[in-house]
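So you can see what is in the structure, the chains are spelled out below.
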Amino acid sequence: MREPQLQKEKIEWPPTRSAEALLDSYLAQTRTRALGEGADPIEVADDVRRHIHAEVAARKLGVVSADELESIVRQLGLSAPAPEPPSADCDSVTAKSESRRKGRVRPFHLIFGVILPVIAVAIEIGTRMSAGIYFDPMPDNWHLAMLLSVPLIQLLAWFALRGVVPGWHRWMGPLSGFSMGLMIYYSLLYAPLAPFACIAIVFYGIGFLPLSPLLALIAAIRTHSLIKKRALREGASIKGFKRGMAAAGVALVLTALPLVMTREWSQDYVSGSESDKNTALRKLRWFGRERVLLQDCYASSGRGGGGMFGLFLQGKPVSMEDAREIYYRVTGDAFNSKAPPQLGSSAARWDFLDDMTWDDDAGGTVVGGRLKGLSLAQSRIDGLVNADAATAYTEWIMEFKNVAPIDREARAQIQLPPGGVVSRLTLWVNGEEREAAFAGTAQVRAAYQQVVQVQRRDPVLVTKSGPDRVLVQCFPVPRDGGTIKIRFGVTAPLHLESADTGVLVWPRIVERNFGIADHFEHSLWVEAKQPLRSEQPAFKADNSKEQTFGLRGQLSDAALGELTSVVRIGRDPKVGTTWVSDPHGLGGEFIQQQILVQTGSPPSRVVFVVDGSKNMRGERDAIANAVRHLPDGLETAFVFAGDEVEVWGAPASAGPDLAAAISRKLNDAAFVGGRDNLPALLRGWDLAEKAGSAVVWIHGSQPQLVTKAGQIEQRVLWRFGKGAPTIYGFQSIPGPDRMTELLHTKASMECVPRFGSTGDDLSRLFDRWNPAKSRLVTRHQRHSDGDIEKSRRGKESSRHLARLWANGEVTRLIAADQRNNAVEVASKYQLVTLVSGAVVLETKQQFEQAGLEPVNPESVPTVPEPGTVFQLAIGLLCLIVIRIRRRIAERQASTLSKNQPA
């Protein structure tokens, strides 16, 4: 209770440096004597100080001199000899010496304990230098907060040494321990870089950055030593240092725990059994860090830095292939649908090191991960529709730009219109158009890879990657802002909603390795001789040409993929037959197309397999409503593809009761992550055991083959053979579909075309099984010249009819195991099919070395430029005006020369 009394009476203690030095001398001798006697020196010194304070209070001394202090000490019976009190001159010398000593310590403490850590953290935030080269010291905001606490604590320590922070000795111990614990960890992490950092100091001092944890640790140790000495002089003690060190360890473990466990559970998924995989998936979905999973998908540089300490507090990542599968299973998204992890800020970037990483998928058969610096710079789609012939031709011009410091390959998977086939491929080389060579897939790919991997020149390749899908790849997109421009044309049939209406679906990108800016828009134009309409508000009518209808629009990439962007075209319902001379016929052969009416025929049993992935959650109501449109009495079963296969009851007849039960099941089902649909498909095949049955697989994006390709072939070849149920693949959510890419060549499979909403398109499929409903289909046949009289062949059309017939003929030949004949037909008609591809090489010599011959530019399909006739008319009018004005000027000049006097 005496200390508060002292404060109340405002006793100044100690008043002079001589009295303070005398007290320090007495206390030091007291501690020495107590230590020799086995007592606690700090406790004894504190007891002496309390007695001195009590005596000062009893004497009511306002100011305590050295003599008064010596009198009090004698009265207390301290018999140890005390040094002679220093004189005023000695006070001055001592003060100067203390000032010089503190002058040497404080700059080191401020520079390396406060200023350098702040600079190091600021540079890492701005450039992510360490994360890109070696190790990410702050993968989240918690690590950032801990790093910033170090200079803050050291700044408080600096103020404590100056005596301006009251009560500092009570909290300085835990804070110093916390700060030093963090710096010990980071010093060990960066220890392998220390020798190189010492050398790098001469280069603009950059070596100080990896040395900043070690230098901050040294400064903290020195500061803590000074604080302890000051506390002893004041009779106080520094407690809680070990608790602060322990708190730092706990903080590091807690902040790193989600990251470490994410990678630990990923390892469990890769190496565990099926039950272990499901357990690991549940943990990752609830507690895993998506950013860590995405980072491992790209094998980001710097993730293996930090040695064993980094491994302990950041975990061991799985392989890049396994990480991509895990990312899909956890999130339900394709890893390349997300931008790669950002390693730099917009203000100051260091991620050019990521731009220089090797593209492992270059020249391969997959799209792979997003490449930084590579983007789509221009996109234009032009279309020409012949509604009476039910054909459409679109050309897509793409220009890619690469700002990375190395050449890049642009790759994309393109979804074609239903039934579409690529029939043209062009590459601009030095401003000139070069047409492609069409040949077998293996031959064109070998030519492309030879140029990409060896000669590194300008090729572009298009191959088929699945039903109505192609893989487009071009190399190189030149570095440092270079561009490459390509064009591919697509011949496609119109879907006939009715005898007087056809539907055009635009091609779209479903997977890519390049970026598309948020504000980027595709430029679209389509023209026909019949009226056009679309629900997409971005489209505007363009009727500038006589007897021609057009639509123009600027659509974002997301809007292009929406089914509201489809175009409907009116047609003459009386035109049911069209024809064209076979361009490759030898004796007047021709191709005839007939529009036929096909009535519904129900299968013996329908088994629905519903994908339980996260992105299918929003389709539950549409599926439930569509089930109500099933023909009554149709035997139906449902299988749910979750982490484990669920069969929803025994096969039952379609009707209101079944629809209500399925609706409840769908609402109760858990749609999470990304599901492996193969086990559910196999179970559905088992349920569809009757002859003439069907399996309807309703699914979302399938960007990863969870079951490896070889295992899938082994498991399905003997099941999905001849006589097996037909699988109707219905993809309700756009995106890559690896399962269909593999199954459509191994099983009897049909991909349901998409023209509207999920409910409308499912109902359209179910109408095919209703005997009371009918639909329009097209049939292509090749005839000899004398088979049908010319007057009875129908309306003459374009060569696109021949290309559509050839595409169907290639499919028939493949099914008959006549692949060589199929390659011959596809190459002759210049088509990209399952057995053929198209490649453009830069030089004629490259074509010859590959045994290829580019097509004649006059044989390729074209789309006239919009407004070409109008532009030609304007140009002709300008020429006429110029010619007339020139003649007038000549006549005026001649008249003037005649009128001038000789």
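Residues numbered from 1 in each chain as written. Predicted model: local features only at pLDDT ≥ 70, side-chain atom pairs only at ≥ 80, totals over all residues. Heavy atoms only, no water.

### Examining the packing of aromatic side chains
Next up, step 1: Under the definition given, this model contains 14 aromatic pairs.
Next up, step 2: Taken together through their ring pairs, the aromatic side chains of Phe608, Phe638, Tyr728, Phe766 and Trp769 make up a single cluster.
Next up, step 3: Cation over ring: Lys277 sits above Tyr269, and NZ or CZ is 4.4 Å from the ring centre.
Next up, step 4: Positioned above the aromatic ring of Trp428 is the side chain of Lys485, whose terminal nitrogen or guanidinium carbon lies 4.6 Å from the ring centre. (Phe/Tyr/Trp six-rings, centres within 6.5 Å; stacked < 30°, edge-to-face > 60°. Lys NZ or Arg CZ within 6 Å of the ring centre and 35° of its normal.)

### Quick notes on the packing of helix H7 (residues 141–161) against helix H11 (residues 241–271)
Next up, step 1: Remark: H7 packs on H11, axes separated minimally by 9 Å, with the N-to-C direction vectors making an angle of 160°. With respect to their mutual orientation, H7 and H11 come out roughly antiparallel. Crossing handedness for the pair H7 and H11: left-handed. When H7 is examined against H11, the residues Trp142, His143 and Met146 are found in contact with a partner set consisting of Ala251, Leu252, Thr255 and Ala256.
Next up, step 2: A class-by-class count of the residues in the contact of H7 with H11 yields five nonpolar, two polar and no charged. (Axes fitted to C-alpha atoms, helices over the stretch in contact; angles between N-to-C directions. Helix = DSSP H or I, 4+ residues; strand = E, 2+ residues; numbered from the N terminus. Parallel < 35°, antiparallel > 145°, perpendicular 65-115°, else oblique. Left-handed = near helix turned anticlockwise from the far one by under 90°. Contact = heavy atoms within 4.5 Å. Nonpolar A, V, L, I, M, F, W, Y, C, P; charged D, E, K, R; others polar.)

### A short note on a nonpolar patch on the surface
Next up, step 1: A cluster of nonpolar side chains, contributed by Ile111, Ile115 and Ile119, occupies part of the molecular surface with about 250 Å² of accessible area.
Next up, step 2: Take Ile119: it is sitting in helix H5 (residues 88–127). (Patch = residues over 30% accessible without salt bridge, like charges linked within 9 Å, V, L, I, M, F, W, Y side chains within 5 Å. Areas by Shrake-Rupley, 256 points an atom, 1.4 Å probe, with all protein chains shown as cover. Salt bridge = Lys/Arg side-chain N within 4 Å of Asp/Glu carboxyl O.)

### Remarks on the nonpolar core
Next up, step 1: Counting residues in each nonpolar core, the largest one holds 56 residues, and the members touching the most others are Phe400 and Ile414.
Next up, step 2: Beyond its immediate chain neighbours, meaning those up to four positions away, Ile414 contacts Trp396, Met398, Asp468, Arg469, Val470, Val472, Phe488, Pro507, Arg508 and Ile509.
Next up, step 3: Counting residues in hydrophobic clusters, the runner-up holds 32 residues, among them Phe135, Leu226, Ile227 and Leu252. (Core = buried A, V, L, I, M, F, W, Y, C linked by side-chain atoms within 4.5 Å. Buried < 20%, exposed > 50% of the residue type's maximum accessible area, 1.4 Å probe, protein only.)

### A look at unusual backbone geometry
Next up, step 1: For the peptide bond that leads from Phe475 to Pro476, omega is -5°, which places it in the cis range.
Next up, step 2: Following the sequence through the fold, Pro476 ends up in strand E8 (residues 469–477).
Next up, step 3: The backbone phi angle of Ala390 is positive, close to 60°, even though this residue is not glycine.
Next up, step 4: Given the relative accessible area of 0%, Ala390 is considered buried.
Next up, step 5: Even without being glycine, Asp468 reaches a positive phi, approximately 60°.
Next up, step 6: Position of Asp468 relative to the elements: it lies in the loop between strand E7 (460–466) and E8.

### Overview of the environment of Lys316
Next up, step 1: Note that Lys316 resides in the loop between helix H14 (307–314) and helix H15 (320–331).
Next up, step 2: Assessed through its relative accessible area of 56%, Lys316 is described here as exposed.
Next up, step 3: For the pair Lys316 and Met261, spaced 55 residues apart in sequence, the C-alpha to C-alpha distance is 9.9 Å.

### Remarks on the sheet that holds strand E2 (residues 391–402)
Next up, step 1: If you trace the eight strands from one edge of the open sheet to the other, you get E5-E4-E9-E2-E1-E13-E16-E15, paired in mixed fashion. Of all the strands in the sheet, just strand E5 (432–435) and strand E15 (540–541) have a single pairing partner and so form its edges.
Next up, step 2: Of the strand pairs in this sheet, strand E13 (residues 522–528) and strand E16 (residues 549–555) are connected by seven bridges, and their pairing is antiparallel. Bridging across to E16, Glu527 finds its partner in Gly550.
Next up, step 3: Helix-sheet contacts for helix H25 (residues 800–815) involve E2, strand E4 (421–429) and strand E9 (482–493), and the interaxial angle to E9 is about 85°. (Pairing = 2+ DSSP bridges.)

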